[in-house]
Amino acid sequence: MTYIAVIGSGTMAAGIAAGFIAEQYPVLILGRNQAKVSQCLQKAVALAQTISTQSAIREQSPSTLLAQQRGGDLDTWADWQDCIWVIETVAEDLALKQAIFQSLDQRVPPHIPIGSNSSGFPISKIAQNLTTANRMLGAHYFMPAEIVPLVEVVLGEKSTLAIAEQVCELYRQIHKKPVLVKRDIPGFLANRIQHALMREALALVDAGIATPADIDDAVRYSFGFRYAAIGPMTQKEISGWDGMANAAKEIYPSLSNSQTIPPSLAQLMAEGKTGMKAGAGYRSWTPEEIKATTALYSKRLKAAFEILNMQ
């Protein structure tokens, strides 16, 4: 039976693996700490059973489903027969990723595509000077990987388009939403758009024009609300580009074009206030608030997913 190889044993690895398990694709998780690999497999199976629409997955006992998955040592694994996709999701360390890809370049049969879930490093740099760089792609997920549908499939300088299209089709089969990014640019596609929004949002907070809470409400209950139903380009096709173009003449000149983070965020970083994980960001968080907010976030994401699937 064909299988998917996931390299790494962290949160993203579990979420990525869960997406395949949920659609009856067995997975192999490879890492250097076998205790963590085992824990990752257990988490992936548990997540898969919460998201799967397949009764064959939901109704199996966790132990039975777990027995169908495999774990292994990253440095010694040699059984690539029936593997159809390898995706790396280790820590965001360029040297580490390059070393792993250099090893995979030599060990994984050249017909098997290999992807990196890196959110920042271009696949062209990760796969630089490798013999089989043509089958290497960016494959960028968004957290939580088991719920958020998007996967950005990014072409590197030497990537083969046909291989990228093959990977996109694989993701469609497991009901993900792949987008093909045709050039390996910083931030790929979604993060560029997201960072453009965040730059303006942070600039507004820094200037004292709105609070972080008001920014959240402004996005969630206006265009963000609409985007769960339809994307920004089609929304403007509906409302008319002329209105957008006229407003842009007034708005564009005043938008932030800063190339650095604003002073308020720089101060937070200096104080170690990095958000929930530190107990504070632009606001303080109690353990109870963190638990409740993350649970609500997950619940809303699942509801939004149902809306996105509405025909």
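This text follows the structure it describes.
Given the structure is predicted, the values throughout are model-derived calculations rather than measurements.

Reading the values: the criteria
Residues numbered from 1 in each chain as written. Predicted model: local features only at pLDDT ≥ 70, side-chain atom pairs only at ≥ 80, totals over all residues. Heavy atoms only, no water. Helix = DSSP H or I, 4+ residues; strand = E, 2+ residues; numbered from the N terminus. Rg over C-alpha atoms; globule rule 2.2 N^0.38 Å. Contact = heavy atoms within 4.5 Å. Lys, Arg positive; Asp, Glu negative; His and termini not counted. Charge placed at Lys NZ, Arg CZ, Asp CG, Glu CD. Phe/Tyr/Trp six-rings, centres within 6.5 Å; stacked < 30°, edge-to-face > 60°. Buried < 20%, exposed > 50% of the residue type's maximum accessible area, 1.4 Å probe, protein only. Lys NZ or Arg CZ within 6 Å of the ring centre and 35° of its normal. Core = buried A, V, L, I, M, F, W, Y, C linked by side-chain atoms within 4.5 Å. Salt bridge = Lys/Arg side-chain N within 4 Å of Asp/Glu carboxyl O. Disulfide = S-S within 2.5 Å. Pairing = 2+ DSSP bridges. Axes fitted to C-alpha atoms, helices over the stretch in contact; angles between N-to-C directions.

Student: Just checking my understanding: could you explain the overall build of the chain for this structure?
Tutor: Along the chain, the regular secondary structure elements total 14 helices and eight strands. Here the C-alpha radius of gyration of the chain, 21 Å, is about what a compact globule of 311 residues would show, namely 19 Å. Judged by the C-alpha coordinates and their principal axes, the chain covers about 60 × 45 × 45 Å. Here the analysis covers contacts within the chain between residues at least 6 apart in sequence; of these, 67% occur between residues at least 24 apart. In the chain, the 28 positive side-chain charges and the 28 negative ones have mean positions that sit 1 Å from each other.

Student: Honestly, the packing of aromatic side chains in this entry has me stumped. Any pointers?
Tutor: The geometry of an aromatic ring pair is captured by two quantities: the separation of the ring centres and the angle between the planes. Evaluation of the coordinates by the stated rule reveals five aromatic pairs. On the numbers, 5.8 Å between centres and 75° between planes, the contact of Tyr141 with Tyr171 is edge-to-face. Here Tyr141 is found in strand E6 (residues 136-141), whereas its partner Tyr171 is found in helix H7 (residues 161-173), with 30 residues between them in sequence. Like Tyr171, Tyr141 is buried. When the centroid spacing of 5.5 Å and the interplanar angle of 50° are considered together, the rings of Phe223 and Tyr227 count as tilted. On the criterion of helical spacing, the pair formed by Phe223 and Tyr227 is a turn pair, its members being four residues apart in helix H10 (residues 223-227). For Tyr227, a relative accessible area of 35% gives the class partly exposed. Cluster of aromatic residues (ring-pair linked, three or more members): Phe20, Tyr25, Trp85, Tyr141 and Tyr171. Positioned above the aromatic ring of Trp285, the side-chain terminus of Arg283 is 3.6 Å from the ring centre.

Student: Please explain the nonpolar core as it appears in this structure.
Tutor: For soluble globular proteins, the rule of thumb is that nonpolar side chains tend to be buried together. Membership of the largest hydrophobic core comes to 39 residues, with the highest contact counts inside it found for Phe20, Trp85, Tyr141 and Tyr171. For this core, the elements supplying multiple residues, two or more each, are strand E1 (3-7), helix H1 (11-21), strand E2 (27-31), helix H2 (34-51), strand E4 (83-88), E6, strand E7 (150-155) and H7. The element that contributes the greatest number of residues to this core is H1, accounting for eight residues.

Student: Which parts of the structure should I look at to understand the pattern of salt bridges?
Tutor: Proximity of charged atoms lets side chains of opposite charge pair with each other. Applying the stated rule across the entire model yields seven salt bridges. Residues Asp79 and Arg70 are paired through a salt bridge, measuring 3.7 Å at the closest nitrogen-oxygen approach. In this structure, Glu88 engages Lys97 in a salt bridge whose closest nitrogen and oxygen atoms are separated by 2.4 Å. Of the residues examined, Lys97 reaches a relative accessible area of 0% and is grouped as buried. Beyond isolated ion pairs, a larger network of salt bridges with shared partners links Glu88, Glu92 and Lys97.

Student: Looking at this structure, I do not really get the state of the cysteines. What am I missing?
Tutor: Here is the idea: a disulfide is a covalent bond, and it sits between the sulfur atoms of two cysteines. Throughout the structure, instances matching the rule amount to zero disulfides. Cys40 supplies the cysteine sulfur nearest to Cys83, a cysteine that is in no disulfide, at a spacing of 16 Å. When its relative accessible area of 4% is taken as the criterion, Cys83 is described as buried.

Student: I'm lost on the sheet that holds E7 in this one. Help?
Tutor: Within a sheet, neighbouring strands are paired by backbone hydrogen bonds and run either parallel or antiparallel to one another. The eight strands are arranged E3-E2-E1-E4-E5-E6-E7-E8 in an open sheet whose pairing can be described as mixed. The open sheet has two free edges, formed respectively by strand E3 (70-73) and strand E8 (177-181), since each of these has just one partner strand. In this sheet, neighbouring strand axes are inclined to one another by 25° on average, regardless of whether the strands run parallel or antiparallel. The pairing of E1 with E2 spans four bridges and is classified as parallel. When the sheet's bridge partners are listed, Val6 is paired in E2 with Ile29.

Bear in mind that shape data such as this cannot, by itself, settle questions of function.
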